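# Structural description and commentary
Here is how the chains run, residue by residue.
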Amino acid sequence: MNMKTKNRLELVGIYLIFAVMFVIIAYPLLWAVGMSLNPGRSMFSASMIPENWSLEHYRWLFFDDPRGRYVTWYKNSLIVAGFTSLFSVLVATLTAYAFARYKFVGRKNGIFILLVLQMFPILMAMVAIYLLLSLVGLLNSLTGLIIIYVGASVPMMTFLVKGYFDTIPRELDEAAKIDGAGHLRIFFQIMLPLAKPILAVVALFQFMTPFMDFLLPRIVLRSEDKFTLALGLFNFVSNEFDNNFTRFAAGAILVAIPIALVFLFLQRYLIAGLTAGGTKG
C-alpha cells in the first residue's frame, strides 16, 4: 500500500468518525426540535417531522402560561449565569495573578491545595453547603446559589488562568515597573488585555453552568419562583399530573439562545492568542 492510498484511507476514517459523532449529536437535537413543533402535548404521539407543525408551545411558554413560570425561570437563570460568570472571572483572575507573579509564604502549598480541590466534586459537600446556607439565611435564594457556583469554580479556573499567566513573559512586567507602573496598573493594562482568550473561556464555561446544572439548584432552591430553567423544566415532566413533554422540548431548545449569543460575542477572543510577539522590539 503506497503512501497516497494510506493517506486517503486515513482521511476516509476521520470523516467516518465525524459522521458518526454528528449523528449521535444531531439525532436527539432534531427530535427535540421536532417534538417542540408537534401540536399535541404527549411524547408518544409526537414525531420528529410533524405533519402539522405549530409554534403553540413556544407561545404558551411566554404568553399563555397564567403563572408566567418559564419567563421567571429564564430571568433567574440569566441572573445567576451573569453574576456567576462575572464574579468567577474576577476572583479567578485575581487569585491566579497572585500565584503567578508574587512570591509569598505558602504559595507552593496553596497551588497544591488548588490542584487537590479539583479532584473532589462539589456534590461531596452538599450536606455541609445546605447546612451552611441555612445557617446564614441564604437557602432558597439566588444569591446563595451564585456564591456556591463562584466558590466551586475557584480551584479549577484559578489553575487554568494561572497556567496562561505563566506564558506571558515577565519582561513585560519588568519594563512596566521601570516606567513607573504599579501592580494594579500592570494587572489591568498589561495582564488582562493579554489574557483575554483565557478569560473568555472562563466566562463562557461559568455562564453555561447554571443553564445546564440541575442537582445543585434542586438542593438549594425550594420556591417555584426561584427555580432556574433546568429545575423548572424538570417539573414539566416530573409532576404526577403533568404531561408537558412537547413544552419541555420547546423550553429546552430556547436554553441554547443565550449560550450561543455569549459564544458568538466571545468567539473573537477564543480563536486567537494575543501574547504572540509581545516581547518583540
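Residues numbered from 1 in each chain as written. Predicted model: local features only at pLDDT ≥ 70, side-chain atom pairs only at ≥ 80, totals over all residues. Heavy atoms only, no water.

What follows covers the overall build of the protein. When helices and strands are tallied, the protein shows twelve helices and zero strands. Sequence-ordered secondary structure for the protein, helices as α and strands as β, is α-α-α-α-α-α-α-α-α-α-α-α. A globule of 281 residues ought to have a C-alpha radius of gyration of about 19 Å, yet the protein, at 24 Å, is considerably larger. Referenced to the eigenvectors of the C-alpha coordinate spread, the extents of the protein come out at roughly 70 × 70 × 30 Å. Out of the 281 residues belonging to the protein, those deemed buried represent 38%. Long-range contacts, defined as pairs at least 24 residues apart, comprise 70% of the intrachain contacts of the protein with a sequence gap of at least 6. (Helix = DSSP H or I, 4+ residues; strand = E, 2+ residues; numbered from the N terminus. Rg over C-alpha atoms; globule rule 2.2 N^0.38 Å. Buried < 20%, exposed > 50% of the residue type's maximum accessible area, 1.4 Å probe, protein only. Contact = heavy atoms within 4.5 Å.)

For the rest of this paragraph, the subject is the packing of helix H3 (residues 69-101) against helix H6 (residues 142-165). Packed helices, taken two at a time, are described by the angle their axes make and the gap between the axes. It is the contact of H3 with H6, at a shortest axis distance of 6 Å, that shows an interaxial angle of 40 degrees. In this structure, the crossing between H3 and H6 has a hand that is right-handed. (Axes fitted to C-alpha atoms, helices over the stretch in contact; angles between N-to-C directions. Left-handed = near helix turned anticlockwise from the far one by under 90°.)

The next point concerns the nonpolar core. Grouped together as the largest cluster of nonpolar side chains are 60 residues, with contacts concentrated most on Tyr 70 and Phe 165. Discounting residues that sit within four places of it in the chain, Tyr 70 has contacts with Leu 61, Phe 62, Asp 65, Leu 229, Leu 233, Gly 251, Leu 254 and Val 255. (Core = buried A, V, L, I, M, F, W, Y, C linked by side-chain atoms within 4.5 Å.)

This model, assessed by the stated rule, comprises twelve aromatic pairs. Here Tyr 97 and Tyr 102 contribute two aromatic rings whose centre-to-centre distance is 5.6 Å and whose plane-to-plane angle is 80 degrees, an arrangement assigned as edge-to-face. In this structure Tyr 97 comes out as buried when scored by relative accessible area, which is 7%. Following the ring pairs from residue to residue traces out a cluster consisting of Tyr 97, Tyr 102, Phe 165, Phe 187 and Phe 188. Here Arg 247 stacks its cationic end above the ring of Trp 60, 3.8 Å away from the centre of that ring. The ring centre of Phe 265 lies 5.9 Å from the NZ or CZ of Arg 268, which sits over that ring. (Phe/Tyr/Trp six-rings, centres within 6.5 Å; stacked < 30°, edge-to-face > 60°. Lys NZ or Arg CZ within 6 Å of the ring centre and 35° of its normal.)

With twelve residues, helix H8 (residues 183-194) extends 16 Å from end C-alpha to end C-alpha; this agrees with the ideal 16 Å at 1.5 Å per step. Looking at the buried residues of H8, the elements they touch are H3, H6, helix H7 (170-178) and helix H9 (196-212). (Expected span 1.5 Å × (residues − 1).)

Inspection of the secondary structure assignment puts Asn 244 in the loop between helix H11 (229-238) and helix H12 (245-270). Spatially, the C-alpha atom of Asn 244 lies 13 Å from that of Leu 37, the residues being 207 residues apart in sequence.

Closest axis-to-axis distance for the H3/H9 pair is 8 Å, and the angle between their directions is 145 degrees. Both H3 and H9 take part in a crossing whose hand is right-handed. Of the residues in H9, those touching H3 at Ser 77, Leu 78, Val 80, Ala 81, Gly 82, Thr 84, Ser 85, Ser 88, Val 89 and Thr 93 are Leu 199, Val 202, Ala 203, Gln 206, Phe 207, Pro 210 and Phe 211. Tallied by class, the residues present in the contact of H3 with H9 amount to ten nonpolar, seven polar and no charged. (Nonpolar A, V, L, I, M, F, W, Y, C, P; charged D, E, K, R; others polar.)

Across the protein, the average pLDDT comes to 85, with 91% of residues at 70 or higher. Within the model, the stretch residues 273-281 combines pLDDT values under 50 with twelve contacts to residues more than four positions away or in other chains. (pLDDT = per-residue confidence, 0-100.)

Before going further, it helps to examine H11. Among the ten residues in H11, seven count as buried, and that is most of the element. Looking only at H11, the buried set comprises Leu 229, Ala 230, Leu 231, Gly 232, Leu 233, Asn 235 and Phe 236. In this structure, the buried side of H11 is in contact with helix H2 (56-64), H3, H9, helix H10 (215-220) and H12.

Mapped onto the secondary structure, Thr 93 falls in helix H3. Residue Thr 93 is classed as buried on the basis of its relative accessible area of 3%. Contact partners of Thr 93, with chain neighbours within four places excluded, come to Val 161, Phe 165, Phe 187, Leu 192 and Leu 199.

A cluster of nonpolar residues, Leu 11, Ile 14, Tyr 15, Ile 17, Phe 18, Val 20, Met 21, Ile 24 and Ile 25, forms a patch on the protein surface that exposes about 950 Å² of accessible area. Note that Ile 17 resides in helix H1 (residues 3-37). A relative accessible area of 52% places Ile 17 in the exposed class. (Patch = residues over 30% accessible without salt bridge, like charges linked within 9 Å, V, L, I, M, F, W, Y side chains within 5 Å. Areas by Shrake-Rupley, 256 points an atom, 1.4 Å probe, with all protein chains shown as cover. Salt bridge = Lys/Arg side-chain N within 4 Å of Asp/Glu carboxyl O.)

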